[in-house]
Amino acid sequence: MDDLTARVRAFAEERDWQQFHTPKNLAMALAGEVGELIAEFQWLTPEQSAAVMSDPDAGGRVRAEIGDVMIYLTRLADVLGVDLVETALTKLEDSARRYPIEQARGSAAKR
């Protein structure tokens, strides 16, 4: 993760894009890329969506959009000083407490 963060930061610095990489702009760009990822699944059946990566064209587009999402999320976290791995692990621990296996198994109900 550190290597990816450093490479994304260097990419922005080499192009003098830090001036544009405000948290607001990065969050908006991230939302746009998530929208593009969602569009790849929009009219697919559940079965088609599960098999999307087996189609070379559709799978390539999904892979590219996931890459864009990851890059913008990585850059946003870097600008804000957030450790993505630590934050995700903390959130996972919180979710484990909120959704104990014995109560949550097989249920999509939110708590």
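You'll find the structure just up there.
In this report, the structure presented in the accompanying data block is examined. Residue positions are counted from 1 within each chain, in the order its sequence is given. Per-residue local features of the predicted model are confined to residues with pLDDT of at least 70, and side-chain atom pairs are confined, for both listing and counting, to 80 or more; whole-chain, interface and lining totals are unaffected and use all residues. The basis for every side-chain value is the complete set of non-hydrogen atoms in the structure, without hydrogens or water.

### Re a positive patch on the surface
A cluster of like positive charges, contributed by Lys91, Arg98, Lys110 and Arg111, occupies part of the molecular surface. Runs of E in the DSSP output that reach at least two residues are strands. Runs of H or I that reach at least four are helices, and both are numbered from the N terminus. Structurally, Arg111 can be placed in the segment after α6 (101–104). Of the residues examined, Arg111 reaches a relative accessible area of 54% and is grouped as exposed. Nonpolar side chains (Val, Leu, Ile, Met, Phe, Trp, Tyr) are joined into patches within 5 Å and like charges within 9 Å, using only residues with over 30% relative accessible area and no salt bridge. Only the protein chains shown count as cover for residues, and all accessible areas are computed by the Shrake-Rupley method using a 1.4 Å probe. We define a salt bridge as a side-chain nitrogen of Lys or Arg found within 4 Å of a carboxyl oxygen belonging to Asp or Glu. Charged-residue counts in this description rest on Lys and Arg as positive and Asp and Glu as negative, His and the chain ends being excluded. Just so you know, the charge point we use is NZ for Lys, CZ for Arg, CG for Asp and CD for Glu. With a 1.4 Å probe rolled over the protein chains alone, any residue whose accessible area is under 20% of its type maximum counts as buried; one over 50% counts as exposed, and the rest are partly exposed.

### Observations concerning the side chain of Glu33
Positionally, Glu33 belongs in helix α2 (residues 23–41). With no salt bridge to any partner, buried Glu33 finds its closest opposite charge in Arg61, at an N-O distance of 12 Å. With near-sequence residues (within four places) excluded, Glu33 lies in contact with Glu65, Asp68, Val69 and Tyr72. Any two residues whose heavy atoms approach within 4.5 Å are treated as being in contact.

### Thoughts on the environment of Asp94
Here Asp94 is to be found in helix α5 (residues 84–98). Through-space distance from the C-alpha of Asp94 to that of Arg61 is 33 Å; in sequence the pair is 33 residues apart.

### So, the side chain of Arg75
Looking at the secondary structure, you find Arg75 in helix α4 (residues 56–80). Overall, the relative accessible area of 6% leaves Arg75 in the buried class. Polar contacts, as used here, are pairs of N or O atoms within 3.5 Å; protein pairs need one atom able to donate a hydrogen and one able to accept it. Residues neighboring in sequence count only if both atoms are side-chain atoms. Reaching out from Arg75, the side chain makes a polar contact with the side chain of His21 at a distance of 2.8 Å. In contact with Arg75, other than residues within four places in its own chain, are Val8, Arg9, Ala12, Gln18, His21 and Leu26.

### Here we look at the packing of aromatic side chains
Ring pairs shown here join Phe, Tyr and Trp side chains whose ring centres sit within 6.5 Å, with only the six-membered ring taken for Trp; geometry is labelled stacked below 30 degrees between planes, edge-to-face above 60, and tilted in between. Under the defined criterion, the tally for this structure stands at one aromatic pair. Counted as over-ring charges are cases with an Arg CZ or a Lys NZ within 6 Å of the ring centre that also lie within 35 degrees of the ring normal. One residue, Arg15, lies across the ring of Phe11, its end atom 3.5 Å from the ring centre. A cation sits over an aromatic face here: Arg15 above Trp17, 6.0 Å from the ring centre.

Function cannot be inferred from these measures alone, as they are strictly geometric.
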